[in-house]
Amino acid sequence: MKIISIIGARPQFIKCAPVSTELRKNNCEILIHTGQHYDYEMSKLFFDQLEIPEPDYNLGIGSSSHSEQTGRMIIELEKIFLKEKPDVVIIYGDTNSTLAGALTSRKLKIPTGHIEAGLRSFDRTMPEEINRVITDHISNFLFSPTKTAVHNLKNEGISQRVFLVGDVMYDVLKQNMNIAKKSKILKNLDIRPKEYFLTTIHRPSNTDNIPNLSNILDVFSSTHEKIVFPMHPRTKKFINKHNLEKKIGENITIIKPVSYFDFIWLEKNAKKILTDSGGIQKEAYILKVPCITLRENTEWIETIKDGWNILVGAHKMKILDAMNNFKPSGKQRNHFGNGDASRKIVKILDEYGSRNFSNL
Ligand code: UD1
Ligand code: UDP
């Protein structure tokens, strides 16, 4: 099979690493980087560390409005699809790169597989929710990470070629935790295990909103807790633009986004994690670290139900209370598969590919 995989943003580089390894055992993979993320720490660092093959194409689209970014991706992707004539296209997650890949591929009637299908926050003010819903409704193969995701698809009338395979992010985590143990990040930051909080913030609800970001920074700074904050470039730009630096207390250590190995080692050793990231909520659960989610909703509802994650939005009192008192006691369960999601996905694609994707 000739497979085109489309990636463009940090979590997609991480997700594609194990899938790409599996795919390339028996197939020809063409990797397209849309260029949605482009800073060294948001892109190249992951290719180097996770040994992801060099992209065959980098569209270099960069940052702009959602429509312009998605539209430009579609225009460029179509040219490549027409030239390369892939048997199948694979897309990951819920970014604008995902949506552009799905639309282009399906308009050309190319079989399309969505990895991380069926997740829902049920909040259509999130750009990701729009991307997920459209992508799921037009894809041919829906590779779902959790039972909840399969259930969500069923509720929307999607039940054909839905495969519960587990989560590819769990595959990556499992494959790399031993290597991450060698990270020197704690030493470099002069911090000790379980003596610091780890935070990341990048959602529009927190970064394009002065009151929300101010609340979060104010409450972080009001504590005497050590807080390590690898800052997404979006958040950095917003803080600079609105002169919010003065709200960052001395207890907060701002650093550039870090590598995957450094980040999962920071997660593993954190006292608690404060985040609005999707992937990080899940990693916190798997690593048994309490997660305080700076959002009103989540796609990873299992982590809430089991008591390891709590939704606090950008409410000062809720954040403070969770930082001081949130103590998970629930049992950990096996929601994210066995760490072999990538292998299962490729096996399914191989089976359909051997029949030339007939009857789709
Ligand atoms: C995107 C995804 C989001 C995902 C996140 C992972 C969409 C709609 N959003 O959000 O689902 O959770 O990636 O991190 O696709 N920027 C840089 N350098 C970079 C990348 C971004 O400076 O390398 C800045 C630019 O100012 C840009 C802003 O960050 O405008 C936002 O980037 P964008 O890719 O549009 O969205 P993210 O917030 O990164
Ligand atoms: N991550 C990383 N370095 C960082 C912050 C996050 O390697 O400085 C990893 C993290 O371990 C997780 C993924 O990036 O695997 C999450 O990506 P992000 O929060 O950007 O996106 P989301 O999951 O919210 O879409």
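Residues numbered from 1 in each chain as written. Chains lettered and ligands numbered in written order. Predicted model: local features only at pLDDT ≥ 70, side-chain atom pairs only at ≥ 80, totals over all residues. Heavy atoms only, no water.

Q: Which parts of the structure should I look at to understand the pairing of strand 9 (residues 227-230)?
A: Consecutive side chains along a regular strand alternate between the two faces of the sheet. On strand 9, burial covers both faces: Ile227 and Phe229 on one face and Val228 and Pro230 on the other are all buried. Two strands pair when backbone bridges link them, and strand 8 (residues 197-200) and strand 9 are joined in this way by two bridges, in the parallel orientation. Each residue of the ladder has a partner; that of Phe197, found in strand 9, is Ile227. Here strand 9 runs beside strand 10 (residues 252-255); their pairing, made up of four bridges, is parallel. Bridge assignment links Pro230 to a residue of strand 10, and that residue is Ile255. Each parallel crossover has a hand, and the one from strand 9 via helix 11 (residues 233-241) to strand 10 is right-handed. (Buried < 20%, exposed > 50% of the residue type's maximum accessible area, 1.4 Å probe, protein only. Helix = DSSP H or I, 4+ residues; strand = E, 2+ residues; numbered from the N terminus. Pairing = 2+ DSSP bridges. Right-handed = clockwise from strand over helix to strand, strands pointing away.)

Q: I keep staring at the nonpolar core and nothing clicks. Help me out?
A: Buried together is how nonpolar side chains tend to be arranged in soluble globular proteins. Core analysis: the biggest nonpolar cluster contains 56 residues, and Phe143, Tyr260 and Leu266 have the highest contact counts within it. Non-local contacts of Tyr260, meaning those with residues more than four positions away in its chain, are made with Ile14, Phe46, Gln49, Leu50, Met169, Val172, Leu173, Asn176 and Glu283. Judged by nonpolar contacts, the second largest core, of 23 residues, contains Phe197, Leu217, Phe220 and Val312. (Core = buried A, V, L, I, M, F, W, Y, C linked by side-chain atoms within 4.5 Å. Contact = heavy atoms within 4.5 Å.)

Q: It is not clear to me how the site of ligand 2 should be interpreted in this structure. Could you clarify?
A: If you check the shell around ligand 2, you find 19 residues, and the closest are Val258, Ser277, Gly278, Gly279 and Glu283. His202 is positioned such that a nitrogen or oxygen atom in its side chain is 3.5 Å from an oxygen atom of ligand 2. Within the contact set of ligand 2, an oxygen atom lies 2.8 Å away from a backbone nitrogen or oxygen of Gly278. When ligand 2 is considered free in solution it has 540 Å² of accessible area, and contact with the protein chains removes 96% of it. Listing elements by their share of the shell around ligand 2, those giving two or more residues are helix 1 (10-26), helix 12 (260-269) and helix 13 (278-286). Of all the elements, helix 13 adds the most residues to the shell around ligand 2, at four residues. Each residue belonging to the shell around ligand 2 can be placed in one class, and the counts come to 10 nonpolar, five polar and four charged. (Near = heavy atom within 4 Å. Polar contact = N/O pair within 3.5 Å; in protein donor to acceptor, adjacent residues only side chain to side chain. Areas by Shrake-Rupley, 256 points an atom, 1.4 Å probe, with all protein chains shown as cover. Nonpolar A, V, L, I, M, F, W, Y, C, P; charged D, E, K, R; others polar.)

Q: I tried to follow the packing of aromatic side chains on my own but got confused; where do I start?
A: Two descriptors summarise a pair of aromatic rings, namely the distance from one centre to the other and the angle between the planes of the rings. Inspection of the entire model under this criterion finds 10 aromatic pairs. Residues Tyr285 and Phe336 carry aromatic rings whose centres are separated by 5.8 Å and whose planes lie at 75° to one another, so their mutual orientation is edge-to-face. Pair noted here: Tyr285 is in helix 13 and Phe336 is in the loop between helix 15 (316-325) and helix 16 (341-354), with a separation of 51 residues, a long-range link. Taken as a pair, Tyr285 and Phe336 share a single burial class, namely buried. Here the aromatic residues Phe141, Phe143, Phe163, Tyr352 and Phe357 are joined through ring pairs into a cluster of three or more. In this arrangement the basic side chain of Arg355 is found over the ring face of Tyr352, its NZ or CZ atom lying 5.0 Å from the centre. (Phe/Tyr/Trp six-rings, centres within 6.5 Å; stacked < 30°, edge-to-face > 60°. Lys NZ or Arg CZ within 6 Å of the ring centre and 35° of its normal.)

These figures come from the coordinates and say nothing about function on their own.
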